Each structure stands twice: as structure tokens, then as C-alpha cells.
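Reading the structure
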Amino acid sequence: MNQLTTSDHKALTTRHWTLALLTMVYALSILDRYILGIVLPQIKEEMALSDMSLGLLSGTAFALFYATLGLPIARLADRFSRKKIIAYSVLTFSVMTALCGVTKNFVALFIARMGVGVGEAGTSPSSYSIISDLFQKDQRSTAMTIFFIGGNVGILAGFIAGGYVAAHYGWREAFLVAGIPGVILAPLLLMTLREPNRGLSDKLTHASEAKKSSLMETTRFVLSQTSYRHLIMGQALLLVVMNGVVGWLPSFLERSHGMAADSVGLQMGLAMGLAGPIGMLVVARLADRYTRRDLRWGSWVVALCCLILFPGYLLVLVAPTGSLAIAAFFIPALLGGFFAGATAALSQGLTPPHMRTTSGALFLMVTNLIGLGLGPLAFGLLSDALSGAFGSESLRYALGVAPLFALWAAYHYFCAGRTLEVDVQRAEGYVNTSPQSS
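One structure accompanies this document, and this report is about it. (Residues numbered from 1 in each chain as written. Predicted model: local features only at pLDDT ≥ 70, side-chain atom pairs only at ≥ 80, totals over all residues. Heavy atoms only, no water.)

1. Digging into the pattern of salt bridges
- As enumerated under the stated definition, the model contains 8 salt bridges in all.
- Salt-bridge contacts for Arg 255 lead to Asp 51; the nearest nitrogen and oxygen are separated by 2.5 Å. In this pair, Arg 255 is assigned in helix α11 (residues 226-257) and Asp 51 in helix α2 (residues 51-77), connecting sequence segments 204 residues apart.
- With relative accessibility at 3%, the residue Asp 51 sits in the buried group.
- Among the ionic pairs, Glu 393 bridges to Arg 396, the shortest N-O distance being 2.5 Å.
- The exposure class assigned to Glu 393 is partly exposed, which follows from its relative accessible area of 22%.
- Within the structure, one salt-bridge network assembled from shared partners comprises Lys 44, Asp 51 and Arg 255. (Salt bridge = Lys/Arg side-chain N within 4 Å of Asp/Glu carboxyl O. Helix = DSSP H or I, 4+ residues; strand = E, 2+ residues; numbered from the N terminus. Buried < 20%, exposed > 50% of the residue type's maximum accessible area, 1.4 Å probe, protein only.)

2. A few points about helix α16 (residues 356-371)
- Relative to the 22 Å expected for 16 residues at 1.5 Å per residue, α16 spans 21 Å between its end C-alpha atoms, a close match to the ideal helical length.
- Burial analysis of α16 places 13 of its 16 residues in the buried class, which makes it a mostly covered element. (Expected span 1.5 Å × (residues − 1).)

3. Regarding empty space enclosed by the protein
- Tallied over the full model, the rule gives 5 cavities of 30 Å³ or more.
- Its volume calculated, the largest cavity comes out at about 340 Å³.
- Along its surface, the largest cavity is lined by 24 residues, and Tyr 26, Ile 30, Phe 148, Met 242 and Ala 340 are the ones closest to its centre.
- Contributions of two or more residues to the lining of the largest cavity are made by α1 (6-47), α5 (124-134), α6 (137-168), α11, α12 (261-293), α15 (338-349) and α16.
- Residue composition of the lining of the largest cavity, grouped by class: 15 nonpolar, 8 polar and 1 charged.
- What lines the second largest cavity is simply Arg 33, Tyr 34, Leu 36, Gly 37, Ser 58, Arg 113, Asn 243, Gly 247, Leu 372 and Pro 376.
- At the level of elements, α1 and α11 are the ones that each hand at least two residues to the lining of the second largest cavity.
- With 4 residues, the top contributor of residues to the lining of the second largest cavity is α1. (1 Å grid on protein atoms, 1.4 Å probe; cavity = no way out; pocket = protein on both sides within 12 Å on 5 of 7 lines; lining within 4 Å. Points joined across faces, edges and corners; volume = space filled by probe spheres on them. Nonpolar A, V, L, I, M, F, W, Y, C, P; charged D, E, K, R; others polar.)

4. Here we look at α11
- For α11, spanning 32 residues, the distance from its first C-alpha to its last is 44 Å, which sits close to the expected 46 Å at 1.5 Å a residue.
- Along α11, the helix axis deviates most sharply at Leu 249, where the bend reaches about 45°; the proline Pro 250 sits within four residues downstream.
- Counting buried residues in α11 gives 27 out of 32 residues, a clear majority hidden from the surface.
- Following α11 by one or two positions, Gly 258 has its phi on the positive side, about 65°. (Bend = angle between axes of the 7 residues up to and from the residue.)

5. So, the state of the cysteines
- Enumeration over the complete set of coordinates arrives at 0 disulfides.
- Free cysteine Cys 415: the closest other cysteine sulfur is in Cys 306, separated by 12 Å.
- Given a relative accessible area of 7%, Cys 415 falls into the buried group. (Disulfide = S-S within 2.5 Å.)

6. What about the environment of Arg 229?
- Its place among the elements puts Arg 229 in helix α11.
- Placed 120 residues apart in sequence, Arg 229 and Leu 109 show a C-alpha to C-alpha distance of 35 Å.
- Excluding its chain neighbours within four sequence positions, the residues that come into contact with Arg 229 are Leu 223 and Ser 224. (Contact = heavy atoms within 4.5 Å.)

7. Quick word on the packing of aromatic side chains
- Scanning the model with the defined rule gives 13 aromatic pairs in all.
- For the pair Phe 147 and Phe 148, a centre-to-centre distance of 5.1 Å together with 70° between the ring planes defines the contact as edge-to-face. For the pair Phe 147 and Phe 148, a shared accessibility class is recorded, and that class is buried.
- Its end group placed over the ring of Tyr 66, Arg 33 keeps NZ or CZ at 4.8 Å from the ring centre. (Phe/Tyr/Trp six-rings, centres within 6.5 Å; stacked < 30°, edge-to-face > 60°. Lys NZ or Arg CZ within 6 Å of the ring centre and 35° of its normal.)

8. Some words on the environment of Met 355
- Relative to the helices and strands, Met 355 is located in the loop between α15 and α16.
- Looking at Met 355, the relative accessible area reads 0%, which means it is buried.
- Between the C-alpha atoms of Met 355 and Leu 381, which are 26 residues apart in sequence, the distance is 38 Å.
- Those residues in contact with Met 355 that sit more than four places away from it in its chain are Asp 78, Ser 213, Glu 217, Thr 218, Phe 221 and Tyr 430.

9. So, the side chain of Ser 129
- Relative to the elements of secondary structure, Ser 129 occurs in helix α5.
- Using a relative accessible area of 2% as the deciding quantity, one classes Ser 129 as buried.

10. Examining the side chain of Ser 347
- As for its placement among the helices and strands, Ser 347 is situated in helix α15.
- The class of Ser 347 is buried, set by a relative accessible area of 3%.

Functional significance is not addressed by these values, which are geometric in nature.
This is the structure in C-alpha cells:
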């Protein structure tokens, strides 16, 4: 039986601590991103805003800078310290979240939410790159899923704590409280996070760290990968569903079923915070297990789960009471972020190591401009358009479009699997044969 050496133990401990830190970063980013959803009814009442305006706040304001700035920041991360970029980004989005709590009008709140997007733009692409360097291909889905479970923890804390603070003290105080943890985490990242060599898990030489690629070269390469293009579309469509339902469901439960913010926050937080990680881990383990036998199943497992989302969301929207709607919500909550770990692992495997931070940012830019930038806004516009015919029930019918996007996403994940093996081999061959540029 093989025994681990002292250096092996140290490397394993460092790897796990790094993953834990990055998971905490993601938890706080999701907390700060989605706490707005739980306080939207209070903001709507105080500022007398339309659903379209609320959609701009919950989606477009954040996504404009989160998606577009991710790419230039990732270019820096492919060349300089990913640790520093992550730490300063955490500090930025935490301060901007707190500033949301001191705004007095729609314009000021919109600008503050844009600032949250600026801060969060620097976290995920760099985190993807570090995790991919620490974990081998048949471990990445699980490692990425542990990272994304931070999002469920963030939603759990944000919805429960945010709902309680908003109900008892006000929505501004909820933002102020949400900004505190990141101010504490940022210096901890600077002091204890260790960066691996680029390409470490792929057993590449140190020469590969010096390899550079232009933005155009990276963009041209990844978009030439058929599987990569289908993964982008699949995740974008699922983000439309997730951001639309998660962002608007508290408002739907309040309008259609008369539920209070603290009750909605507690029940949705528990559903997504407890059920979500279970589903994500199960999907990730299945993806890793079947990927060892046939790489295509890494994508096909996600496609099958997309099909389960369709009836899950329909049950939430047709439930006659708030309690039954929350009970039905456990089905989509169980699969809420199921696609994230597997998709991130697959997209990183389709990219040469020296392009991965930029590739991750490009992936996030496209998927979030569609899923986050347009998703909440589109449902808000549709709700306003249907208000004349359905009154307070207009949001129910607007959200009824969401399950159809899950079926569309399943198609793209199935197509991605068909060309996955060839595209991964092409990415690996690119590492070994492409000339090094200065």
C-alpha cells in the first residue's frame, strides 16, 4: 500500500485549503449578487419601480460590467498574480454591496450594483484557472462543484440572513450586513492563498508557464471548438432559467401567495442551500465517474438533468399555495446549479492551460450577458406586458416561459458531448505543438 510522503501531505493540504478559500470567495460573491432578489419587493414599494426597472437592477446593472470586465481582468490574470486579482476583487464587490445600502434613488442603486459587477468580474475566471491547475481532468468536475457549492452557501446565508434583516430592520441594512464578510476575507487571501504553476495538473513543463497567447488567438481557438460553442449556449440558457426564477421567485411568492420576506428567505434559502449541494455533488460524481469511461458523458449527464428541470419548474408555478410552491421548488433547487461544475471542467479541458483564465472569462462574458444581463430583464418586461391581462398574476405567466429554456439547453449539452473527445484532443495537441511566443 502506497504511503504519502511529507511533501505529498503538504501539497494535499495546500490544495484543499486553496479550494476552500476560493469556495468562500464564490459564496460571498453569490451572497452579494442574489441578496437583491429577497429585497426587491421592498425596493419596488419604496421607489415605486416597474418590473422592468427591477429587472435592470437585478440583472443588467450587474451583468454589464461583470461580463465585459471579466475578459480584460482575465488577460491580466493569465500574466500576473491571480491571488492578488481575486483578493482586491473581493474587497471591491464587498464595499460596493455595502454602498447599495446607502443609496437614495434608482440611479444611485443602479450604479452601486454596477460596482458589485466590477468587483465580481475578477474572481471566477482566476479561480477556474487555479482549480484547473490543482486538479486533474478526472477530478475537476468534483473540485469545480465543491467550488460552486459555495454559491449555495451564499444563497443560504443571503436569503435567510438577508430576509431576516430586511423584514426586521430594512433592505438597506441587509446590504450593509452583506458587505462585511468580504472585507475580512480579502486580507486572508493575500496572506494564505498559494498559486500553483500553470499547467501543473496537466504535467506540463515550466516552459508552458511562459507561453503567451493574444486575446484574438485565444478567442479564435476556443470558438473553433464545436463543443465549447454548445457549452456556452447550454449554460447561457440555464442561466436565463436560474437567474429568472431565483431572482423573481421571492416577488412571485409575495404577490401571488402573500408570503413575507423573512418567510420566503428562510424557505428558499434552506431549499437551495441544503438541497442544491446534494444535487450538484451527485451530478459531479456521476460526470467524473462516467467521464473516465467515456468523455462524452461529462456533457450528457448535464443534458439529462436539464430534462428533469422542465416539470420541476412547472410544478412551482402551478402550485395553488405558497407552501406547495416551496415544496415543489425543492426539485429545481436540487438541480439548481448542477451544470456549473461539470460545464466549467469541460470548458477548461477544451482549452490549453495558458489560455484558461482568458477562456473562462470569455465563457462567463457570453453566458452572463445572455443569462444574467437579459434573463431577469426579459421576465420583468414580459410581466409588465402581461399585467393588463393578468394583474398581480402576470409574473406567474411570465416565469412560465422559463422551463422551455431548460429543454433548449438539453439539446446543446447533448450536441457538445458528440464532439467532446475530438475537441479535447485538439486542445491537448495545441499545448504540445504550438510555438512559444514572447
